[in-house]
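The chain contents come next:
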Amino acid sequence: MSDLFADAASERAATAAPLASRLRPRTLDDFVGQRHILGERSALRLAIAEDRLRSVIFYGPPGSGKTTLARIVASATGAAFEELSAVSATVADVRGAIQRARDRLGGNAQRTTLFLDEIHRFNKSQQDALLPAVEEGLLTLVGATTENPYFEVNAALLSRCQLYTLEALAPDEVVTILRRGAAEIGVEAADELLALVAGRAGGDARTALGILELAGETARAERSPLTAAHIDDAAHKRPIVHDRDAHYDVTSAFIKSMRGSDPDAAVYYLAVMLEAGEDPRFIARRMVILASEDVGNADPRALQVAVAAAHALEHVGLPEAQLNLAQAAIYLAQAPKSNAVTRAIMAARRDARERGSLRPPAALRDAHYAGAKTFGHGVGYVYPHDDPRGFEFDHLPDELQGTRYYEPRRESGEERPRPRD
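Since the structure is predicted, the reported quantities are computational estimates derived from the model, not experimental observations. (Residues numbered from 1 in each chain as written. Predicted model: local features only at pLDDT ≥ 70, side-chain atom pairs only at ≥ 80, totals over all residues. Heavy atoms only, no water.)

Enquirer: For the overall build of the protein, give the residues involved together with the corresponding values.
Expert: When you go through the protein residue by residue, the secondary structure sums to 19 helices and 5 strands. The globule rule puts the C-alpha radius of gyration for 421 residues at 22 Å, and the 31 Å found for the protein is more than 25% above it. Over its C-alpha atoms, taken along the principal directions, the protein stretches across nearly 105 × 60 × 40 Å. Residue burial in the protein is summarised as follows: out of 421 residues, 41% are buried. Sequence separation of 24 or more characterises 72% of the internal contacts of the protein that already satisfy a separation of 6 or more. (Helix = DSSP H or I, 4+ residues; strand = E, 2+ residues; numbered from the N terminus. Rg over C-alpha atoms; globule rule 2.2 N^0.38 Å. Buried < 20%, exposed > 50% of the residue type's maximum accessible area, 1.4 Å probe, protein only. Contact = heavy atoms within 4.5 Å.)

Shown next as structure tokens:
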């Protein structure tokens, strides 16, 4: 028997839902963006259109269309469609979905497609419960995640799924979606205003439509046309996504920008990390490491600058210490570069691991105690301040005589290639 209150709630939810939900595309023809995986005659597009999609995981930033693609699959497939959220689903829910899929396949040969949103929230036991059904073909899994699946999804499950990476939408793609949104809510908006909204959304269609909807409601309440001020008020602060992936990606870009002598990129990635709330001590530690790893003796002052920035951070804290961090990042980016120190310690440690602790030449061994010379310790040592021949002595163990660890490959800053014997 129908529940009148539930029916009424469903009808009202359709009109009260956020604009992004009301505008969700129903077909691939209405879908905007992701041409790299959904272009004409692409494997994924054909698989969806011909209802032969195998288990897939859609990975990408918020608002890029992962859930929308899953819903399009649901409308295009002849299979039964079930949906679970990894945030609330239990192992029992997964097993129930698998059992229903088994019953359908055995009873009337109907396939089952299971959409699992936020699949990265599934723990190992939940993923393990799902694995046999995917492997046996009892159901087709469609997973969606904003987290790198190589970090969050079991390797066994991931290997049985096709991975598709979605990208943040381009500004013109967001503007296309916003035009539909403006028509839906009856707001007149010039292209420059839609471009402003797109710029604030950072490639996230859901955020863009949310900004447009709120700005439109404010303009309507004021009985005025939509203006840039309404958009600024609705957007207020552009969200910075800084999840685990972004942490590693932005940190990597920050380090490589300094290594590549690009101060503008270095200070930009520093700003992104600070705006996102990254631990500033982590940033300072990375710069101290880079000062020796990528600058080294080409500019020995680089290490002093990096350490000074780390100390300044501890003394004054943020926000003032952003100046110290920026100064250090720009200095490191502009400093001459050499990785000779890095190559030297890595090569020396490799020999230490493989050959053990080789004894120093007898002339270099401790000779401070009585009787040391009876072992030959210190015999033949030349004090270099008294005799320049001491600077020419090979101090390495006998087995490593002539080995070069520290070997600058080119003239860089204060570092010079070593002359050959």
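After that view of the structure, there is still more to cover.
Enquirer: Could you give me a rundown of the environment of A156, with the residues and numbers involved?
Expert: Checked against the element boundaries, A156 lands in helix 9 (residues 155–158). For A156 and E135, which are 21 residues apart along the polypeptide, the C-alpha to C-alpha distance reads 9.4 Å.

Enquirer: I'd love a proper account of the sheet that holds strand 5 (residues 162–165), names of residues and values included.
Expert: Pairing in this open sheet of 5 strands is parallel, and the strands run 2-3-4-1-5 from one edge to the other. Both edges of this open sheet fall to strand 2 (80–85) and strand 5, since each of them pairs with a single strand only. Taken pair by pair, the neighbouring strands of this sheet meet at an average axis angle of 15°, ignoring direction. In the sheet, strand 1 (residues 56–59) pairs with strand 4 (residues 140–145) via 4 bridges, with the strands oriented parallel. Its bridge partner lying in strand 4, V56 is registered against V142. Across the sheet, helix 6 (residues 91–108) lies against strand 2 and strand 3 (112–117), angled at about 175° from strand 2, the strand it touches most. (Pairing = 2+ DSSP bridges. Axes fitted to C-alpha atoms, helices over the stretch in contact; angles between N-to-C directions.)

Enquirer: Please give an account of the packing of helix 11 (residues 191–201) against helix 12 (residues 205–221) that cites residues and values.
Expert: Taken N-terminus to C-terminus, the directions of helix 11 and helix 12 make an angle of 130°; their axes are 8 Å apart at the nearest point. Taken together, helix 11 and helix 12 sit at an angle that is classed as oblique. Remark: the crossing between helix 11 and helix 12 carries right-handed chirality. Contacts between helix 11 and helix 12 pair L194, V197, R200 and A201 from the former with T207, A208, I211 and L212 from the latter. (Parallel < 35°, antiparallel > 145°, perpendicular 65-115°, else oblique. Left-handed = near helix turned anticlockwise from the far one by under 90°.)

Enquirer: Which residues make up the packing of aromatic side chains, and what are the values?
Expert: Counted under the stated rule, the structure contains 4 aromatic pairs. Summarising the aromatic geometry, the rings of F58 and Y164 are spaced 6.2 Å apart at their centres and angled 45° between planes, so their arrangement reads as tilted. Within this pair, whereas F58 is found in strand 1, its partner Y164 is found in strand 5, the two being separated by 106 residues in sequence. Residue class for Y164 comes out buried when judged on its relative accessible area of 16%. (Phe/Tyr/Trp six-rings, centres within 6.5 Å; stacked < 30°, edge-to-face > 60°.)

Enquirer: Tell me about helix 10 (residues 171–185), residues and numbers included.
Expert: Here helix 10 contains 15 residues, and its C-alpha end-to-end distance of 21 Å stays within 8% of the 21 Å for a straight helix at 1.5 Å per residue. Taken as a whole, helix 10 has its buried residues at E173, V174, V175, I177, L178, G181, A182 and I185. On its buried face, helix 10 is in contact with helix 2 (19–22), helix 11 and helix 12. G186, located one to two residues past helix 10, shows a positive phi value of around 70°. (Expected span 1.5 Å × (residues − 1).)

Enquirer: Would you mind going over the pairing of strand 2 in detail, with residue names and values included?
Expert: Covered by surrounding structure in strand 2 are A80, E82 and L84 only, the residues F81, E83 and S85 on the alternate face being uncovered. Sheet topology note: the strand 2/strand 3 ladder contains 6 bridges and is parallel. Residue pairing for strand 3: F81 is matched across the bridge by T113. Chirality of the crossover, the property in question, places the unit of strand 2, helix 6 and strand 3 among those that are right-handed. (Right-handed = clockwise from strand over helix to strand, strands pointing away.)

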